[in-house]
Amino acid sequence: MKVPQALLDEMVEHSRLDAPNECCGLIGGEADEAKTIHRMQNTAHSPLRYEMDSTEQLRVYREIMDAGHDIVGIYHSHTRTAAYPSQTDINLAIGWPDAVYFIVSLEDPDEPYIRGFNIREGQVEDVDIQAI
(Lines give C-alpha, C1' and ligand atoms only; values in the text may rest on other atoms or scores of the structure.)
Protein backbone atom coordinates (compact mmCIF):
# COMPACT_ATOMS: atom_id res chain seq x y z
CA MET A 1 0.00 0.00 0.00
CA LYS A 2 1.40 3.36 -1.06
CA VAL A 3 0.79 6.12 1.49
CA PRO A 4 1.95 9.74 1.29
CA GLN A 5 4.31 10.51 4.16
CA ALA A 6 2.04 13.41 5.17
CA LEU A 7 -0.81 10.94 5.83
CA LEU A 8 1.43 8.69 7.91
CA ASP A 9 2.54 11.75 9.90
CA GLU A 10 -1.10 12.76 10.41
CA MET A 11 -1.96 9.31 11.78
CA VAL A 12 0.87 9.64 14.31
CA GLU A 13 -0.21 13.17 15.22
CA HIS A 14 -3.82 12.04 15.73
CA SER A 15 -2.60 9.14 17.88
CA ARG A 16 -0.57 11.47 20.09
CA LEU A 17 -3.42 13.99 20.42
CA ASP A 18 -5.95 11.37 21.49
CA ALA A 19 -3.61 9.55 23.90
CA PRO A 20 -4.07 8.00 26.36
CA ASN A 21 -7.15 6.81 24.43
CA GLU A 22 -6.96 5.07 21.08
CA CYS A 23 -7.68 7.18 18.02
CA CYS A 24 -9.40 6.01 14.86
CA GLY A 25 -10.22 7.07 11.32
CA LEU A 26 -10.84 6.10 7.73
CA ILE A 27 -8.53 6.35 4.72
CA GLY A 28 -9.76 7.09 1.22
CA GLY A 29 -7.90 6.20 -1.94
CA GLU A 30 -7.73 4.18 -5.10
CA ALA A 31 -6.63 0.56 -5.41
CA ASP A 32 -3.37 0.30 -3.45
CA GLU A 33 -2.79 4.02 -2.87
CA ALA A 34 -4.05 6.11 0.06
CA LYS A 35 -5.12 9.64 -0.86
CA THR A 36 -6.99 11.11 2.12
CA ILE A 37 -7.26 10.62 5.85
CA HIS A 38 -10.41 11.27 7.83
CA ARG A 39 -10.04 11.56 11.58
CA MET A 40 -12.96 10.22 13.56
CA GLN A 41 -13.91 10.33 17.19
CA ASN A 42 -13.37 7.23 19.28
CA THR A 43 -16.77 7.06 20.92
CA ALA A 44 -15.50 4.38 23.32
CA HIS A 45 -13.08 6.94 24.83
CA SER A 46 -10.87 4.02 25.78
CA PRO A 47 -7.14 3.24 25.80
CA LEU A 48 -7.99 -0.38 24.99
CA ARG A 49 -10.40 -0.22 22.05
CA TYR A 50 -12.08 2.09 19.58
CA GLU A 51 -15.59 2.55 18.24
CA MET A 52 -16.75 4.75 15.38
CA ASP A 53 -20.09 6.53 15.55
CA SER A 54 -22.26 5.14 12.75
CA THR A 55 -23.60 8.58 11.77
CA GLU A 56 -20.10 10.04 11.54
CA GLN A 57 -18.91 6.94 9.70
CA LEU A 58 -21.66 7.32 7.10
CA ARG A 59 -20.84 11.02 6.62
CA VAL A 60 -17.14 10.28 6.11
CA TYR A 61 -17.95 7.34 3.82
CA ARG A 62 -20.00 9.70 1.64
CA GLU A 63 -17.18 12.29 1.60
CA ILE A 64 -14.77 9.62 0.40
CA MET A 65 -17.17 8.36 -2.28
CA ASP A 66 -18.00 11.93 -3.41
CA ALA A 67 -14.27 12.49 -3.97
CA GLY A 68 -14.26 9.49 -6.30
CA HIS A 69 -12.34 7.30 -3.88
CA ASP A 70 -12.95 4.07 -2.01
CA ILE A 71 -12.26 3.22 1.60
CA VAL A 72 -8.83 1.63 1.31
CA GLY A 73 -7.91 1.71 4.98
CA ILE A 74 -8.97 2.01 8.57
CA TYR A 75 -6.54 3.21 11.19
CA HIS A 76 -6.35 3.26 14.95
CA SER A 77 -3.69 3.47 17.61
CA HIS A 78 -2.31 1.21 20.28
CA THR A 79 -1.17 3.53 23.03
CA ARG A 80 0.80 1.04 25.10
CA THR A 81 1.31 -2.01 22.93
CA ALA A 82 2.88 -3.08 19.66
CA ALA A 83 1.28 -2.41 16.28
CA TYR A 84 -0.35 -5.80 15.85
CA PRO A 85 -4.09 -6.57 15.79
CA SER A 86 -5.58 -7.58 19.11
CA GLN A 87 -8.31 -10.20 19.21
CA THR A 88 -10.79 -7.33 19.54
CA ASP A 89 -9.35 -5.73 16.38
CA ILE A 90 -9.66 -9.02 14.53
CA ASN A 91 -13.26 -9.47 15.67
CA LEU A 92 -14.18 -5.94 14.52
CA ALA A 93 -12.58 -6.36 11.09
CA ILE A 94 -15.55 -8.14 9.53
CA GLY A 95 -17.13 -5.01 8.06
CA TRP A 96 -14.34 -4.00 5.66
CA PRO A 97 -12.60 -7.17 4.41
CA ASP A 98 -10.73 -5.37 1.59
CA ALA A 99 -9.43 -2.48 3.69
CA VAL A 100 -5.91 -2.31 5.06
CA TYR A 101 -5.94 -2.00 8.84
CA PHE A 102 -3.28 0.47 9.93
CA ILE A 103 -2.14 0.42 13.54
CA VAL A 104 -0.04 3.21 15.02
CA SER A 105 1.99 2.08 18.02
CA LEU A 106 2.88 4.56 20.74
CA GLU A 107 4.43 1.80 22.84
CA ASP A 108 7.61 3.93 22.79
CA PRO A 109 6.26 7.50 22.50
CA ASP A 110 9.61 8.71 21.13
CA GLU A 111 9.58 6.12 18.34
CA PRO A 112 6.01 5.67 17.06
CA TYR A 113 5.58 3.34 14.12
CA ILE A 114 2.82 2.15 11.82
CA ARG A 115 2.10 -1.30 10.44
CA GLY A 116 -0.59 -2.42 8.02
CA PHE A 117 -2.60 -5.62 7.91
CA ASN A 118 -5.21 -7.44 5.90
CA ILE A 119 -7.67 -9.13 8.23
CA ARG A 120 -10.01 -11.62 6.59
CA GLU A 121 -12.01 -14.36 8.25
CA GLY A 122 -9.92 -14.03 11.40
CA GLN A 123 -6.62 -14.36 9.56
CA VAL A 124 -4.00 -11.60 9.84
CA GLU A 125 -1.52 -10.87 7.05
CA ASP A 126 1.12 -8.14 6.97
CA VAL A 127 0.79 -5.45 4.32
CA ASP A 128 3.86 -3.59 3.13
CA ILE A 129 3.44 0.18 3.61
CA GLN A 130 5.43 2.28 1.16
CA ALA A 131 5.80 5.94 2.13
CA ILE A 132 5.64 8.15 -0.95
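Residues numbered from 1 in each chain as written. Predicted model: local features only at pLDDT ≥ 70, side-chain atom pairs only at ≥ 80, totals over all residues. Heavy atoms only, no water.

Notes on the overall build of the chain
Line of reasoning, step 1. If you tally the helices and strands in the chain, you get three helices and eight strands.
Line of reasoning, step 2. Traced from its N-terminal end to its C-terminal end, the chain shows the element sequence β-α-β-β-α-β-α-β-β-β-β.
Line of reasoning, step 3. Its C-alpha atoms put the chain at 35 × 30 × 30 Å along the principal axes.
Line of reasoning, step 4. Counting across all 132 residues of the chain, residues that qualify as buried make up 43%. (Helix = DSSP H or I, 4+ residues; strand = E, 2+ residues; numbered from the N terminus. Buried < 20%, exposed > 50% of the residue type's maximum accessible area, 1.4 Å probe, protein only.)

Notes on the packing of aromatic side chains
Line of reasoning, step 1. Taken as a whole and judged by the stated rule, the model has one aromatic pair.
Line of reasoning, step 2. Ring centres of Y84 and F117 lie 5.3 Å apart, and the angle between their planes is 80 degrees; this geometry places the pair in the edge-to-face category. With Y84 in the loop between strand 4 (70–78) and helix 3 (87–92) and F117 in strand 6 (residues 113–120), the pair connects residues that are 33 residues apart, well separated along the chain.
Line of reasoning, step 3. The exposure class assigned to Y84 is partly exposed, which follows from its relative accessible area of 41%. (Phe/Tyr/Trp six-rings, centres within 6.5 Å; stacked < 30°, edge-to-face > 60°.)

Considering the environment of T43
Line of reasoning, step 1. Structurally, T43 can be placed in the loop between strand 3 (33–40) and helix 2 (54–66).
Line of reasoning, step 2. Taking the C-alpha atoms as reference points, T43 and Q123, 80 residues apart in sequence, are found 26 Å from one another.
Line of reasoning, step 3. What T43 contacts, discounting residues up to four positions off in sequence, is E51, M52 and D53. (Contact = heavy atoms within 4.5 Å.)

Focus on unusual backbone geometry
Line of reasoning, step 1. Along the chain, A19 connects to P20 via a cis peptide bond; the corresponding omega equals 15 degrees.
Line of reasoning, step 2. Looking at the secondary structure, you find P20 in the loop between helix 1 (5–18) and strand 2 (24–30).
Line of reasoning, step 3. Unlike most non-glycine residues, H45 shows phi in positive territory, near 45 degrees.
Line of reasoning, step 4. Locating H45 in the fold gives a position in the loop between strand 3 and helix 2.
Line of reasoning, step 5. One non-glycine residue, E121, adopts positive backbone phi at about 50 degrees.

Some points on the nonpolar core
Line of reasoning, step 1. Judged by nonpolar contacts, the single largest core of 18 residues is most densely connected at M1, V3, M11, I27, Y75, F102 and I114.
Line of reasoning, step 2. Those elements that provide at least two residues to this core are helix 1, strand 3, strand 4 and strand 5 (100–105).
Line of reasoning, step 3. Take this core: its biggest share by element is four residues, from helix 1.
Line of reasoning, step 4. Apart from residues no more than four positions distant in its own chain, I27 is found in contact with M11, A34, T36, I64, D70, I71, V72, G73, Y75 and F102.
Line of reasoning, step 5. Within the second largest apolar cluster, 17 residues are counted, among which are L26, M40, I71 and I103. (Core = buried A, V, L, I, M, F, W, Y, C linked by side-chain atoms within 4.5 Å.)

Section: the confidence of the model for the chain
Line of reasoning, step 1. Mean pLDDT over the chain stands at 93; residues scoring 70 or higher make up 100%.
Line of reasoning, step 2. For the chain, per-element mean pLDDT is lowest for helix 3, which scores 86, and highest for helix 1, which scores 97. (pLDDT = per-residue confidence, 0-100.)

Describing the side chain of H14
Line of reasoning, step 1. For H14, the position within the fold is in helix 1.
Line of reasoning, step 2. Take H14: its relative accessible area is 3%, and that puts it in the buried class.
Line of reasoning, step 3. A polar atom in the side chain of H14 sits 2.6 Å from the side chain of Y75. (Polar contact = N/O pair within 3.5 Å; in protein donor to acceptor, adjacent residues only side chain to side chain.)

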